[in-house]
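Residues per chain are reported as follows:
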Amino acid sequence: SQQGEEDPQALSIQEGENATMNCSYKTSINNLQWYRQNSGRGLVHLILIRSNEREKHSGRLRVTLDTSKKSSSLLITASRAADTASYFCATDAQMSGGSNYKLTFGKGTLLTVNP
Amino acid sequence: GAGVSQSPSNKVTEKGKDVELRCDPISGHTALYWYRQRLGQGLEFLIYFQGNSAPDKSGLPSDRFSAERTGESVSTLTIQRTQQEDSAVYLCASSFLLGTGELFFGEGSRLTVL
């Protein structure tokens with residue numbers, strides 16, 4: 001089953017506007033990651049936030065994490081047409097019987113930035 | 001190579017045939033994942049290899065699916081007696097894993113079962 005769920009499923013904005021995507025998850029995590037996928041391509045890692053962090057920045061990206069609500073948000077500021085892509089959150093989950101973890105992904109948010 | 005390499009990039013096969021997909025992870029990465037992505041959907045976890053530990057096969061959808069990895073090198077995902085619902089992009093990712101960390105993805109193998 002999916003650990004993370006993003007919303008909205010789709011978001012359409014104008015260039016220059018900010019885009020906010022949300023992710024909710026079900027069980028305790030060690031960290032949460034955000035990935036980007038251009039149509040038909042592999043995923044590219046954007047940012048990782050640890051469970052003891054509340055906010056992290058990377059360029060035009062800002063990620064927040066609220067472990068009490070089991071939710072995260074990804075904010076892209078001053079969006080560009082090139083930001084058009086699907087964005088996925090990924091959370092780790094401890095595998096049964098061991099100390100290893102696997103990443104599970106949500107269904108993603110399709111962001112369209114109109115020029 | 002510098003990144004995760006997958007082959008073939010595209011595969012069209014007839015229902016009932018077997019297919020084999022290959023993944024070359026980044027050298028030194030101990031963890032290797034296979035995911036399936038149907039059109040317009042999220043990533044569905046299939047299997048995970050970590051070093052010499054027993055793989056986590058909990059995501060394999062049926063016994064027609066199997067995967068192997070030799071040490072910390074190449075992995076192959078085999079689908080036997082393919083069905084139309086197997087049509088999807090199969091993504092491989094690797095990471096240098098200490099706890100959890102960033103995954104590096106290949107470009108995927110697009111499988112179409114006619």
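Our subject in this report is the structure included herewith. One numbering rule holds for all chains: residues counted from 1, following each sequence as written. Lettering for chains starts from A, numbering for ligands starts from 1, and both go in the order in which the items are written. Local features in this predicted model are restricted to residues whose pLDDT is 70 or higher, and side-chain atom pairs enter the listing and the counts only when it is 80 or higher, whereas totals over whole chains, interfaces and linings include all residues. As a rule here, side-chain values come from all non-hydrogen atoms in the structure, and water together with hydrogens is ignored.

1. Here we look at the sheet that holds strand β7 (residues 61-66) of chain A
Residue and element names in this part refer to chain A. Put simply, the rule is: At least two DSSP bridges between two strands are required for those strands to pair. Note on conventions: DSSP H or I runs of at least 4 residues are helices, E runs of at least 2 residues are strands, and numbering of each starts at the N terminus. Interaxial angle, 0 to 180 degrees, is taken between N-to-C directions of lines fitted to C-alpha atoms, where a helix line uses only the stretch in contact.
Strand order in the open sheet formed by five strands is β1-β3-β8-β7-β6, and the pairing between neighbours is antiparallel. What marks the edges here is a single partner per strand, and that holds for β1 (4-7) and β6 (55-58). Across the sheet, the axes of successive neighbouring strands diverge by a mean angle of 20°, strand direction being ignored. As judged from the four bridges shared by β1 and strand β3 (residues 19-25), these two strands associate in the antiparallel manner. Bridge assignment links Glu 6 to a residue of β3, and that residue is Cys 23.

2. Digging into the state of the cysteines
Residue and element names in this part refer to chain A. For clarity, the threshold we go by: Cysteine sulfur atoms are paired as a disulfide whenever they come within 2.5 Å of each other. Three exposure classes are used, based on accessible area relative to the maximum for each residue type with a 1.4 Å probe and protein chains only: buried under 20%, partly exposed in between, and exposed over 50%.
As enumerated under the stated definition, the model contains two disulfides over all chains in all. Here Cys 23 pairs with Cys 89 through a disulfide, and the sulfurs are 2.0 Å apart. Since a negative S-S torsion denotes a left-handed disulfide, the Cys 23-Cys 89 link at about 65° is right-handed. On the criterion of sequence distance, the pair formed by Cys 23 in strand β3 and Cys 89 in strand β9 (residues 85-94) is long-range, its members being 66 residues apart. Pair check on accessibility: Cys 23 and Cys 89 agree, each one buried.

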